[in-house]
Amino acid sequence: MLSIVFLPEDVLLEILFLVPPLDLILRCRLVCRQWRDVIDSSTLWKMICHRMGLIPKDWKQQPKDWKKYYYLCSHRRNLLKNTCAKEGFKFWKLERNGGDNWKVEVLPGQHGQWLPDDTITKYFVTSYEICLKSQLIDLRKMGYSKELMDRDQPDIVIRDWFAARADCGCEYKIEVHLLSKDKKVLCEFSPEPVVIPQWSDALWQEITTHTFRDYGPGVRYIYFSHGGKDTQWWAGWYGVRVTNTSVTIEPEDLRVQSVTPHTLQYCID
């Protein structure tokens, strides 16, 4: 009987293509040099990405490394917790809790609007003095090694939704820091506060998606903070409303990419 080690490489490739990706790495890659070389090949991981629907239909460029592209796609998730207020303020640190403090309300709220995503039912709301809340993301605990962050520097994408009440103006603030292992700021996104005037349409807005790219080695943590206040100094909860926030580690965009607004991103040597 012919041993599997004598199989042509293209036949071995088709066989390994059927194996779950985790088993390829943890088990099959250790069998022999031939299997290792096939499993490390771009061809195999490109086939796997096609099979799993990870490549956009309008893709125009190949990733630098198909295996890493698969890893980043398969691990893509929101690194922030409890972003839609389902668990109150669990996982959030209340940095500033001015006025009548932070509060959770149910959509659409008084003088408010529904979000485009009807699965989101709650939001956080601020008061008449500044209210800020934050989370600190430990990238190693989230499964992103220092080698990956230093050598490949995958995109870090920030998204947030905010809105005002129609009957009261508000101010919205957001700040994101990329931190070293010693919590030193290496790069930051800190745009000017957004002020929404009184008697607005109260529609929910998504911040212009910000992407950290080419931020340099050493990033081990992500600090995210947002909040704001009302502009009328009214007792109660008339300030900015926030929900559906996300911080994600993204693979390369294989489509034509827009230029990142570097005027709002500061990287420190």
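A brief structural summary. As the structure is a prediction and not an experimental result, all values here were calculated from the model. (Residues numbered from 1 in each chain as written. Predicted model: local features only at pLDDT ≥ 70, side-chain atom pairs only at ≥ 80, totals over all residues. Heavy atoms only, no water.)

1. Considerations on the side chain of Glu-250
- By the secondary structure assignment, Glu-250 is in strand E12 (residues 241-250).
- At 3.0 Å, the side chain of Glu-250 forms a polar contact with the side chain of Arg-76.
- Sequence-distant contacts of Glu-250, that is, excluding residues within four places in its chain, are made with Leu-72, Arg-76, Pro-154, Asp-155, Val-157 and Arg-159. (Helix = DSSP H or I, 4+ residues; strand = E, 2+ residues; numbered from the N terminus. Polar contact = N/O pair within 3.5 Å; in protein donor to acceptor, adjacent residues only side chain to side chain. Contact = heavy atoms within 4.5 Å.)

2. Let's talk about the pairing of strand E4 (residues 131-138)
- In terms of burial, E4 is a largely internal element, 7 of the 8 residues being buried.
- With 8 bridges joining them, E4 and strand E11 (residues 221-230) adopt antiparallel strand pairing. For Ser-134, the partnering residue across the bridge sits in E11 and is Ser-225. (Buried < 20%, exposed > 50% of the residue type's maximum accessible area, 1.4 Å probe, protein only. Pairing = 2+ DSSP bridges.)

3. Some remarks on the packing of aromatic side chains
- Tallied over the entire structure, the rule returns 12 aromatic pairs.
- Plain terms: the ring middles of Trp-102 and Phe-124 are 6.4 Å apart, the flat faces sit at 90 degrees to each other, and that makes the pair edge-to-face. Taken together, the residues span a long stretch of sequence, with Trp-102 in the loop between strand E1 (93-97) and strand E2 (103-106) and Phe-124 in strand E3 (residues 122-125) at a distance of 22 residues. By the burial criterion, Trp-102 is buried, and Phe-124 matches it.
- Grouping aromatic residues by their ring pairs yields a cluster made of Phe-89, Trp-92, Trp-102, Phe-124 and Phe-224.
- Taking NZ or CZ as reference, Arg-51 lies 4.7 Å from the ring centre of Phe-17, over its face.
- Here the basic side chain of Lys-133 rests over the ring of Trp-92, its NZ or CZ set 3.3 Å away from the ring centre. (Phe/Tyr/Trp six-rings, centres within 6.5 Å; stacked < 30°, edge-to-face > 60°. Lys NZ or Arg CZ within 6 Å of the ring centre and 35° of its normal.)

4. Description of the environment of Thr-83
- Of note, Thr-83 is situated in the loop between helix H5 (66-74) and E1.
- For the pair Thr-83 and Leu-72, spaced 11 residues apart in sequence, the C-alpha to C-alpha distance is 22 Å.
- In this structure, Thr-83 is in contact with Asn-78, Trp-92, Phe-124, Thr-243, Asn-244 and Thr-245, ignoring residues within four places of it in sequence.
- Within polar-contact distance, the side chain of Thr-83 engages the backbone oxygen of Thr-245 at 3.4 Å.

5. Comments concerning H5
- For H5, every residue scored as buried is listed here: Trp-66, Tyr-69, Tyr-70, Leu-72 and Cys-73.
- Between the side-chain oxygen of the N-cap and the backbone nitrogen of Lys-67 there are 2.9 Å, and the N-cap of H5 in question is Asp-65.

6. Let's talk about the pairing of strand E7 (residues 185-189)
- Judged from the 4 bridges that link them, strand E6 (residues 170-179) and E7 form a sheet pairing that is antiparallel. In the strand pairing of E7, Leu-179 is matched with Val-185.
- Taken together, E6 and the strand that follows it, E7, pair antiparallel across an intervening segment of 5 residues, in which Lys-183 is found at a positive phi of about 65 degrees.

7. Brief notes about unusual backbone geometry
- Leu-107 connects to Pro-108 through a cis peptide bond whose omega is 0 degrees.
- Structurally, Pro-108 is set in the loop between E2 and E3.
- Of note, the phi angle at Trp-199 is positive, near 65 degrees, even though the residue is not glycine.
- Along the polypeptide, Trp-199 turns up in the loop between strand E8 (194-196) and strand E9 (205-206).
- Of note, the phi angle at Ala-202 is positive, near 65 degrees, even though the residue is not glycine.
- The topology assignment puts Ala-202 in the loop between E8 and E9.
- Among the residues examined, Ala-202 registers a relative accessible area of 2% and is labelled buried.

8. Some thoughts on the nonpolar core
- Leu-139, Tyr-144, Ile-156, Ile-158, Phe-212 and Ile-222 are the most contacted members of the largest nonpolar core, which has 37 residues in total.
- Looking at this core, the elements with two or more residues in it are E4, helix H6 (146-152), strand E5 (155-163), E6, E7, E11 and E12.
- Ranked by the residues each element gives to this core, the list is headed by E6, at 5 residues.
- Setting aside its immediate chain neighbours within four residues, Tyr-144 contacts Leu-72, His-75, Arg-76, Arg-77, Leu-79, Leu-139, Met-149 and Ile-249.
- Counting 21 residues, the second largest nonpolar core, distinct from the first, contains Phe-17, Leu-24, Ile-48 and Leu-54. (Core = buried A, V, L, I, M, F, W, Y, C linked by side-chain atoms within 4.5 Å.)

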